[in-house]
Every structure is written in C-alpha cells, then in structure tokens.
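Chain by chain, the residues:
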Amino acid sequence: MLKLDNVHAAYDSVVVLRGVSLQVNQGEIVCLLGANGAGKTTTLRLISGLIHPLQGKVCLEDKPIHHLSPEAIARLGVAHVPEGRRIFPGLTVRENLILGASNRRRVNKVELTSDIKKMFEIFPDLEKLQNALGWTLSGGQQQMLAIARSLMAHPKILLMDEPSLGLGPIVVQQVFSVIKQINETMGTTVLVVEQNAVIALSVASRGYVIENGRIVLEGKASDLLNNTEVREAYLGGRRTCI
Amino acid sequence: MSTLSLIGQILFAGLAIGGVYTLVALGIVLIYRATNVVNFAQGDFTMLGAYVLFALSNGEKINFFVAFLLALVVMAVLGLLFELGVYYPLRNRSFLPVVIATIGASIMFQNGALAIFGPMPQKVRPVIYASGNGGITLGGVFFDYQYIVILVVTLALVLLQYLFFEYTVLGKKMQATSQDKDMARMLGIPVSIMIALTYIYSTVIGGLSGMLVAPIFFVTHKMGVMLGLKAFAATICGGFGDVRGAILGGLALGVIESFGAAFISTVYKDAFSLLLLLLFLLIRPQGIFGEKVAEKA
Amino acid sequence: MSILKKNSSSTTNIGFNPSVSYLAFAVGVIIVILLPLIFTSRYTVNLIILASAVGISTLGLTVLLGYTGLVSLGHAVFYGIGAYGIALGTTRWGLNWWIALILSMAFVALIGLILGITTLKVSGHYLAVVTICVQIIFTLIATNWKAVTGGPDGISGIHRPEFIVSLSTSRNFEWFCLAVLLVAVTFVWNLKDRPLGRAMRAVRENELAAQVLGVDTLKIKVVAFILSAVFGGLGGAIYASGSLYISPDAFTFDQSVQFLAMCLTGGTESAIGSMLGAWLLYFLPEWLRQLKNIYLVVYGCIIIFVIVFIPEGLWGFVNLLYRKLAKPRPIPVSKQPLSLDIPETDIVLQVENLGKYFGGLKALDGVDFIVKRGEVHALIGPNGSGKSTLINVVSGVYSPTFGNVKFLGKEVTGMRPCAVAQMGLSRTFQNLRLFNTLTVYENVLVASQRSGGSIEEVHERAIAAIEFVGLREKVHEQCKNLPYGHQKLVELARALAGRPKLLLLDEPAAGLNQTEKQDLVELLKKLNAMGLTMVLIEHDMSLVAQISNQATVLNFGKKISEGTMEHVLQDPVVVEAYIGKKEVALGA
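Residues numbered from 1 in each chain as written. Chains lettered and ligands numbered in written order. Predicted model: local features only at pLDDT ≥ 70, side-chain atom pairs only at ≥ 80, totals over all residues. Heavy atoms only, no water.

Caption draft 1: Region of the structure containing the pairing of strand β6 (residues 361-372) of chain C. All names here are of chain C. Of the strand pairs in this sheet, strand β5 (residues 347-358) and β6 are connected by 9 bridges, and their pairing is antiparallel. Residue pairing across strands places Val 351 opposite Phe 369, the latter belonging to β6. Here β5 folds back onto β6 in antiparallel fashion, the turn holding 2 residues, of which Gly 359 has a positive phi close to 60 degrees. (Pairing = 2+ DSSP bridges. Helix = DSSP H or I, 4+ residues; strand = E, 2+ residues; numbered from the N terminus.)

Structure follows, in structure tokens:
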C-alpha cells in the first residue's frame with residue numbers, strides 16, 4: 001500500500017533522513033520506533049507532502065506521491081494525525097470533524113451527518129462536547145478528536161505521530177485500543193510513530209526502528225519486543241519504559 | 001446649538017469615521033489571521049479604492065453605481081496581484097522582510113497614484129446625491145447621508161462577515177487556514193486558495209472604505225497613510241487578530257478622536273489615537289480581547 | 001527570538017582575519033582622502049556630506065536591527081532630534097557647535113533610553129507599530145510647535161564646527177564628515193566581535209538561551225536602543241550642519257523607511273554593508289533622475305526586489321567572494337584544560353514545595369527536591385510529568401506559582417534567568433536553542449564572557465570548553481551547518497564555559513545514535529569526576545543508569561519516588577504508574 005524507497009530528506013540544510021526504506025501493507029498496523037530527533041516525525045511529514053525528499057521515492061498503491069502537495073496527498077486518502085494533535089483551537093468539535101472531510105469530493109450534508117454520528121459511536125465522549133471549542137478539550141479528548149477528524153477523511157492509510165505524547169497511561173491505553181479497533185472493524189491501514197515501544201508493539205503487526213535517519217532494525221512486533229537492542233534503547237534495559 | 005445636541009453631533013461624526021477605521025482594521029485583521037502578515041499597505045487600499053472610483057466615475061460616462069461596482073472588481077484584482085506579488089514570494093520568510101515588502105508596496109502605490117493623478121486633491125460624489133445640505137436634522141443633530149451610508153455599510157459588512165465565518169463551510173475552512181496552515185493542508189483544504197480569497201476580500205473592503213470616505217475627505221495619494229495607522233491603532237487596542245476588537249477599537253477610536261478634536265486640539269487630533277495606541281501597547285499589549293500566551297521553553 | 005531567521009545570512013558571521021580588517025581600514029582612509037580630491041564640484045561635495053550623514057545614521061539601525069534584531073520604523077526621529085539639537089543650539093541659543101553636539105547627543109540618548117525601556121515588552125510587528133507612532137507624533141510636533149521648531153518653515157542659518165581649522169567651507173566640512181563616518185563604521189564594525197556585540201547577536205538569535213547563559217537581555221536591548229539613537233542623532237547633527245537649513249519634511253516616516261531600506265539593501269548585519277546601502281540608495285535618485293515622476297514607484301519596486309531576491313543584501317555577495325578567496329582562520333589552542341568551580345555548600349540545590357500552574361494545568365504541584373554536591377541526579381518521569389517545567393522554574397525561566405528554590409544556600413525563587421546563571425547555574429534545552437548564525441566559538445564565548453575576567457581568559461575558557469567536547473576543528477563553523485549530534489555538543493560546551501556549579505541537562509541524549517550516546521556518557525562521567533554536580537532529565541534508562549547515582553521520579557507534577565536508581569526502578573509505585581505492564585498491552 002505505502003512504500004518508502006531509500007528516502008533522504010533535510011530541513012533547511014540539516015539532513016534528517018539518510019536512506020529510509022519501509023513498507024506498509026494493506027490492513028496492517030506498522031509502528032516506527034525511535035528516540036527524539038531520530039527522524040520519525042520527519043518520515044510522516046514527508047509522506048504527507050509537507051516536505052519533499054532530496055532523493056528516493058514515496059509510493060502510494062505503486063504510484064509515486066513524493067512530488068505532490070499535502071492537499072493532493074490528502075485527497076488520495078492519506079490522513080495524518082500529527083504530533084500535538086493540532087486541533088483547530090478556535091473551532092468547535094463538530095466543526096473540526098466537518099473539516100476532516102475536506103479531502104473528499106462532493107460530500108452532501110446527509111453523508112456528513114451520518115459520518116459524524118458514526119464517530120460519536122466510536123468516541124462517545126465527543127458527542128457531549130460537540131459544541132465545545134477545540135482548545136477547551138483535555139489532551140486525551142483532543143487525541144480522540146484528532147483521530148475522529150482523520151477518520152472523517154475516509155482514509156486508506158492513517159499516519160499517527162506519537163499518539164501517547166503527554167497522555168496519562170490509562171488514556172494511552174484507550175487511544176491504542178481505539179487504533180486497534182479502527183484497524184479491525186474498518187480495515188484502515190495504520191502507520192504509527194512512537195517512543196513508547198511496549199504499547200506500540202503490542203498493537204502492531206510489524207515494526208521498524210529508526211536511528212539517526214536510518215532504519216536500523218525491522219521485524220515482527222513480537223520479535224522486536226524480545227530483541228535485546230530494542231529493549232536496551234527503548235524499553236529501558238529492564239521491563240520498564242519510563 | 002445645545003450642549004446635548006453638540007455632543008450628539010460629535011458622537012455621530014466620530015462613529016462614522018470610526019466605521020471607516022473599522023473597515024480598514026477588518027482588512028488588517030483578516031490578513032493577519034490568515035497569513036500572520038501585518039500589512040502596512042492596507043491603508044493604501046483605501047486610497048486606491050477612492051482613486052479607482054474617481055477615475056471610473058469622473059465625467060459621468062458610466063452610471064455612478066455601475067462605476068462603484070466596477071471599482072470593487074478592480075480592487076479584487078489588485079488584491080490578487082498584491083497577494084501574488086508581495087505575500088507569495090515571501091510566504092516562508094520571517095515577519096520583517098514581509099513588513100518591509102508591504103511598506104515597499106505602499107510606497108509604490110502612493111507614488112504610482114501621484115504619477116497618474118497628480119498632486120491635486122480630487123473629489124468624488126457621495127453615494128446619495130441629495131439636493132439641499134445632503135442630510136437630515138433630527139433633534140438638533142445633523143445626520144449627513146454619507147455618514148449614514150458608512151455606518152450602515154459597516155454594520156452590514158460586519159454582520160455578513162460574522163454569518164459567513166460562523167455558518168458556512170468555506171468560512172470554517174478559512175478559519176482553519178488561519179489557525180493552522182499545515183494541518184489544514186493535511187486535511188486537504190486548498191490553503192493557497194483560501195489565502196488568495198482572504199487577500200481579495202481584504203483589499204475589497206479596504207477599497208470600499210476608501211470609496212465611502214472619498215466624498216468626506218479629499219482624495220490624495222497620502223490619504224491612506226493616516227487611515228492605515230489609525231486602523232492599526234484600532235486593531236492593537238482591540239487585541240491583534242481579534243475581529244470584535246477591530247470593530248470596537250475602530251469605533252472607539254473614531255469617537256475619542258472626534259471629541260478630542262472638538263474639545264482639546266484640532267492640530268493634534270491625529271496624535272490622540274497614536275498616544276492611546278502607545279498606552280495600550282505599553283500597558284496591555286494583548287489588547288482588550290487578546291489573551292496572554294505563556295511562552296514555551 | 002530571531003526575527004531575521006531565514007533572512008540572516010549564511011555567510012555574514014564568518015569573521016575576517018584581523019589583517020584583512022586592517023587592510024579594509026587602510027582602504028577606508030584612502031577613500032576618505034581621495035573622494036574629495038576626485039569629485040570637486042560644489043554639487044558633489046554637498047551630496048557627499050549629506051550621504052555621510054545618512055550613512056552614519058543608518059549605522060544606528062545596524063546596531064539595533066542587524067545586531068540586536070529589533071526593528072525600528074522611527075529611526076528618523078533620532079535623526080531629527082540630532083538635527084534640531086544642532087540647529088537650535090547654534091542659532092537660537094548661540095552655543096558652540098561642540099557643546100550643542102554634546103547636549104543633543106545626551107538628549108537623543110535619553111530619548112533612546114526611554115524608548116528602549118518602554119518597549120522592552122514588545123517586539124516584532126508591535127515594535128514596528130510603536131516606532132511608527134513615535135515617528136508620527138514627532139512629525140506632528142516638529143510641524144506644529146512653531147515656537148521651538150519653527151514649524152514647517154524650519155530653521156536656517158545653522159553653523160558648522162571648528163576642528164583645528166574652521167570647517168565652514170564645504171570642502172573642509174566634507175573631509176570632517178567622511179572622517180566621522182569612517183570612525184563610526186570602524187566602531188560599529190568592531191563592536192560586533194566585542195562582548196557587547198556578541199551579546200546583542202545572541203539576543204537576536206535566541207533571547208531565552210542568551211538569558212540562561214547570563215546575558216542581561218533587557219539591559220542589552222536598552223543599550224542597543226541608546227546606541228542606535230546616538231548614531232541616528234549624530235547623523236542628524238551632521239545633516240543639519242551640512243545642509244545649513246532643516247525642516248520637518250526631512251524627518252518623516254518616509255525617511256525612516258529609507259533608513260530601513262538602506263540597512264536591508266546593504267546587509268543588516270554589517271557596518272560596511274549598511275554604509276554601502278546608504279550610499280547606494282542615496283545616490284540612486286541622482287542616477288534615476290530622468291524617471292523623476294515615477295522614481296519613487298521604481299524605488300518601491302527595488303525594495304521588494306531586494307527583499308525577495310537578495311535577502312542578505314549587498315554585503316552577502318562581498319562575503320561570499322571573501323569566503324572563496326580567503327584562507328581558513330587559524331584554530332585557537334587552549335593552554336590549559338577545562339577547569340570547574342566546586343560549590344562550597346553541601347546542598348547545591350534545594351526545591352521546596354514547588355508549584356507551577358498554567359491556567360488549570362498543574363505542571364508542578366508541590367515538589368520537594370534536593371541535589372547534593374557531586375551528585376548526578378536523574379529526574380525521570382513520562383512526557384508531560386513536569387520535569388522540564390521544574391528545570392525551567394529552577395533556572396528562572398518561569399516564575400513559580402508557589403514554593404521556593406534555593407541555589408547554593410541562597411534564595412533564588414523568581415530571580416531572572418541571567419541572575420541565576422551569574423551565580424553559576426548552567427542548563428541545556430530539550431529542543432536545541434543555539435545561536436544559529438553564530439559560529440561555535442561565538443556561541444561558547446557568549447557563555448564564557450559571563451564570568452568576567454580579561455579577554456584572554458574569556459577566550460581561554462571558551463576554547464577549553466570546546467576542546468573538552470571535542471569540537472576544536474569546528475570552532476569557526478556556523479552552528480546551523482553542524483550535524484545534530486555536534487549541535488548538542490555545542491550546547492554542552494556553552495553550558496560548561498560559564499564556570500557552572502550546577503549543570504541542568506534536559507534530554508542531552510535525545511536524538512543521538514548509540515556511539516554518540518556512549519561518547520556523551522564518557523563526557524558526563526568525566527565531568528562528574530571533576531566534581532561537577534548535575535541534574536539529568538533523560539528517557540534512555542540504560543544511559544541514566546550508567547551515570548546517575550540519585551533519582552527523583554515525577555508524575556503529573558508530583559514526586560512519586562526518590563532514592564538510588566536501583567531503588568526507584570523497582571519501586572512498585574513507579575512500576576504501577578507507567579512501566580509497561582505486559583498484560584495491559586492490547587491484543588499482544
């Protein structure tokens with residue numbers, strides 16, 4: 001479904017990605033693990049078209065997309081839940097959801113309303129808050145809204161950037177169970193970027209480890225979970241992940 | 001004239017001028033919110049609007065109202081050109097180059113107008129051409145038709161703008177663009193079109209305000225300078241980027257200035273609004289409605 | 001915050017060899033002597049006098065905007081005050097020219113001081129608008145206060161000074177003006193690499209980082225305003241004596257814009273560049289004179305063109321050329337290795353019941369925390385647990401909602417970051433906060449100059465710190481061109497150069513690869529062995545375990561555990577809170 005082939009990228013003149021290759025298959029949850037500054041976020045921004053690669057290819061369903069604008073990539077069915085959620089703070093929950101469907105052509109009111117209703121079924125908390133402004137939501141609620149907003153796009157693939165960031169442990173578990181649920185019930189393909197390796201590997205089928213702009217390790221989630229190097233670096237050497 | 005009707009008279013004139021400041025300020029606020037650009041050429045859009053209307057209606061070859069509409073179209077085109085020529089090439093640069101570029105544009109507009117229309121002040125007819133003194137007297141207060149038109153247009157535009165942003169998806173998309181451009185793009189909102197629309201709309205209301213004050217002030221190539229600065233004062237007093245602030249700030253400024261001129265000094269009339277602005281900047285830089293945002297380390 | 005960010009040149013900070021600077025000065029002297037000999041017509045003599053006045057004035061913007069990053073759209077106010085000062089002094093009050101000059105400089109400096117202090121809180125476009133307002137008010141006063149300024153008619157019959165010989169003839173005065181210009185350019189040019197100039201540029205690049213390195217940013221900004229005012233005023237004084245007559249039109253908003261345009265065209269960060277820009281734009285109307293009618297339209301176009309296409313100004317080209325031709329600068333060598341100050345008190349840092357609320361968010365909620373001398377104290381907890389906030393409060397970046405902080409036994413709660421830094425507290429940032437367009441050397445010098453001493457000592461400390469982190473080969477490179485790992489090391493070197501007694505490290509290993517991490521561990525171990533006390537925020541537990549002996553764990557702004565690393569990691573509370581209990585993991 002999504003394939004990155006030897007991608008190099010830079011911000012200003014600082015090279016961040018040095019030959020990243022990875023692949024996400026239809027219906028999978030794949031996680032990309034790495035420390036701060038390793039290039040995880042850059043990889044997602046690159047897929048979304050916010051930055052363009054210096055060299056290498058990004059293909060969606062075998063068609064190259066790395067030269068397209070973010071708007072065009074969104075219209076092809078790539079939805080991105082960025083780091084920090086990026087809820088529109090001055091718009092209500094409902095309005096945020098409506099804008100989530102901006103990438104779809106000719107959406108009528110009825111369809112939109114029924115989609116929003118579906119979201120409220122998955123995220124019951126949001127229904128009560130539908131007229132609240134985005135900035136008044138708590139971190140967990142914002143994360144849920146960000147996911148719901150991205151689902152409004154009817155995405156083929158969902159990119160998630162550190163959904164656990166700044167959330168309490170219980171909320172993190174809720175978020176990941178929702179990701180799992182979406183993947184199972186709607187068949188949405190997910191690429192999730194995380195520092196919290198344990199929780200990410202627990203829902204993912206496969207994983208990659210990125211370090212200093214390069215993929216240094218890849219494999220099945222269960223294998224990575226037991227890999228000593230991964231444990232050393234991202235699981236804290238013990239069974240911890242502080 | 002009784003004191004009360006004198007006060008009524010000053011208040012009315014102040015509100016009308018304040019309406020003009022509000023219109024110019026709205027343009028500044030919209031552009032700022034959508035693109036984080038402080039447009040120092042916004043005042044000159046009023047001047048351009050007034051001159052375009054003058055050029056089209058002069059000699060009465062075209063019906064005045066047709067000319068009025070045509071002038072608005074011309075302003076829309078200018079707005080698009082401004083966006084493409086000044087904002088777009090600098091969209092990824094920091095604020096200073098953009099500010100300087102808008103000042104450069106302002107110099108260009110003023111002197112272009114001077115080169116074309118000459119230094120002689122020009123006069124444009126009021127929207128309502130009435131015989132007699134061009135207004136009505138009620139309770140000892142004289143209501144100039146043009147002033148009434150200005151207030152009505154200001155109110156109508158403010159209302160329309162409110163409805164547009166509150167109740168249409170396009171309005172929401174423009175708001176989303178101004179709040180978080182990259183996120184808007186990732187949702188598939190065509191951000192560059194939203195921004196172009198913002199510039200066009202801002203230029204049109206800037207031009208409109210110029211066309212409305214043209215019969216009151218004379219049309220000169222410098223007429224936008226003070227208007228623009230006072231509109232800035234209005235936006236800052238109201239809280240930069242806040243539409244309610246721009247409206248309240250604009251009207252309040254008009255009234256304060258009007259009373260200041262009547263009771264303190266006409267010569268330093270222009271200084272009142274600027275002193276008020278300085279006071280605001282130093283005491284409450286976030287404006288009336290603005291909120292202080294904590295710095296992040 | 002840097003307002004010039006992308007505008008800042010990638011080249012302007014590559015310093016010149018001293019010998020080249022002397023050569024440039026010699027060329028300047030020759031030009032000053034030759035110009036009046038080559039162009040002798042009365043008309044050009046006057047033009048050169050006025051162009052010198054404009055050039056001197058523009059140098060004020062070089063300091064304010066170019067070095068310090070503060071924008072002013074009211075520079076013509078200072079120019080005007082200087083001019084009116086000389087005009088009134090020598091005509092109305094019959095003062096000697098030099099006395100009139102001193103008085104007007106004192107007055108203009110006072111105005112600069114007032115403007116600087118009152119605008120400390122505003123920056124960016126707010127500052128632009130404030131300065132415009134001041135400009136408009138000045139114009140209104142100059143035009144309407146007829147009793148003093150002569151109103152629109154202005155003041156005529158202004159005198160010229162005597163300096164050894166009488167300078168009343170235009171030829172003599174021309175030499176005088178050029179000499180003043182040369183001195184002014186040299187002064188501003190040299191200022192850049194002095195402690196003051198470096199501090200200014202640090203403020204421009206990253207105000208917060210400058211503060212925590214001990215730079216009194218408020219003072220620096222006010223000083224920049226005063227210098228800018230004095231240069232503006234000096235230019236104005238020369239203008240008044242040069243043209244012998246002044247009126248308010250010479251000091252309007254348009255003139256302020258012109259100054260800014262001159263500074264930008266030449267290159268904001270260079271004294272010579274600004275001066276060239278001033279001369280170019282001053283003479284441009286002479287060359288474009290056939291365009292008379294649309295001259296200013298073209299002028300507006302040129303401004304936009306320059307901004308869009310040559311963001312670094314003319315000086316950018318010169319510098320590029322120089323870099324291609326010049327030999328690399330010599331790399332300094334340290335005479336002795338890095339030395340550190342050991343605090344006298346046993347308890348280095350003591351935090352009592354500290355709280356910091358952001359609106360409803362309780363980032364810190366009553367934390368007690370003690371760091372003893374010689375410790376490497378790890379501060380751990382999940383993202384958002386308040387670790388960085390704690391460091392920010394301790395280093396003075398945030399003032400706490402309640403509670404207090406004692407550093408070396410002294411109360412520092414609510415003190416400004418630069419004051420805490422002066423006492424010997426250094427810190428790094430989670431997200432890099434380097435002075436990006438400054439070189440590695442300059443970055444570290446900003447920190448090492450805080451603990452005073454002679455220029456040699458300051459440089460010695462800086463180079464020792466750079467050698468310690470192993471970046472000696474890179475001293476003259478601009479930070480933004482360094483790879484991420486090196487940038488992290490520059491931040492460390494910067495923190496070490498200020499003789500810290502306590503070092504707060506906020507995620508120093510984030511984003512480093514395994515080799516780099518191991519190198520960092522060695523450096524930190526070495527520092528600890530040298531006696532440095534450290535507080536370490538880090539997510540990589542294997543790294544923390546190698547260097548820390550004590551740990552405090554935070555969660556939701558509260559301390560949930562403390563003790564040795566061993567103890568903390570096995571504490572059931574810590575395990576409960578966020579250690580990935582396998583069974584909660586979904587589906588796996």
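From this point on, the discussion continues.
Caption draft 2: How the structure looks around the environment of Lys362(C). Residues and elements named next belong to chain C. By secondary structure assignment, the location of Lys 362 is in strand β6. Distance in space between the C-alpha atoms of Lys 362 and Gly 557 is 6.5 Å, their sequence separation being 195 residues. With sequence-adjacent residues up to four places away left out, Lys 362 is seen in contact with Lys 356, Tyr 357, Phe 556 and Gly 557. (Contact = heavy atoms within 4.5 Å.)

Caption draft 3: Fine view of the sheet that holds strand β3 (residues 29-33) of chain A. Residue and element names in this part refer to chain A. Within the open sheet, the 6 strands sit side by side as β6-β7-β8-β3-β9-β10. Their pairing is mixed. The open sheet is flanked by β6 (78-81) and β10 (214-220), the only strands paired with a single partner. Pairwise comparison of adjacent strand axes, ignoring direction, gives a mean angle of 15 degrees for this sheet. One ladder, built from 4 bridges, connects β3 with strand β9 (residues 206-211); its direction is parallel. Note on β9: the bridge partner recorded for Leu 32 is Tyr 208. Across the sheet, helix α6 (residues 139-151) is in contact with β6 and β7 (157-161); its angle to β6 comes to roughly 170 degrees. (Axes fitted to C-alpha atoms, helices over the stretch in contact; angles between N-to-C directions.)

Caption draft 4: Representation of the domain arrangement of chain C. Residues and elements named next belong to chain C. Under the domain assignment used here, chain C contains domain 1 (16-251) and domain 2 (347-578). The interface of domain 1 with domain 2 comprises 21 residues on the first partner and 23 residues on the second. It is Arg 198, Val 212 and Leu 213 in domain 1 that bury the most area against domain 2; as a group they hold 37% of the surface buried on that side. Between the two partners, domain 1 and domain 2, sit 2 salt bridges. In this structure, Arg 201 engages Glu 442 in a salt bridge whose closest nitrogen and oxygen atoms are separated by 2.9 Å. Applying the counting rule to domain 1 against domain 2 returns 11 residue pairs in polar contact (both at pLDDT 80 or more). When contributions to the side of domain 1 that touches domain 2 are tallied by element, the ones reaching two or more residues are α8 (195-205), α9 (207-212) and α10 (217-243). No other element matches α8, which puts 7 residues into the side of domain 1 that touches domain 2. (Domains from an automatic or database assignment. Buried area = accessible area lost by both parts, 1.4 Å probe. Salt bridge = Lys/Arg side-chain N within 4 Å of Asp/Glu carboxyl O. Polar contact = N/O pair within 3.5 Å; in protein donor to acceptor, adjacent residues only side chain to side chain.)

Caption draft 5: Representation of the interface of chain B and chain C within the structure. Taken together, the 45 residues of chain B in the interface contact 49 residues of chain C. Here chain B meets chain C over a buried area of about 3900 Å², counting both sides, of which 78% is carbon and sulfur. One can count 1 salt bridge joining chain B with chain C. The partner of Lys222(B) in a salt bridge is Asp254(C), and the shortest N-O contact between them spans 3.3 Å. Connecting chain B to chain C are 1 residue pair in polar contact (both at pLDDT 80 or more). Residue assignment for the side of chain B that touches chain C shows that the elements contributing at least two residues are α3 (64-87), α4 (95-117), α9 (223-238) and α11 (269-283) of chain B. The greatest single-element share of the side of chain B that touches chain C, amounting to 14 residues, is contributed by α4(B). Residues belonging to the side of chain B that touches chain C are distributed by class as follows: 34 nonpolar, 6 polar and 5 charged. (Nonpolar A, V, L, I, M, F, W, Y, C, P; charged D, E, K, R; others polar.)

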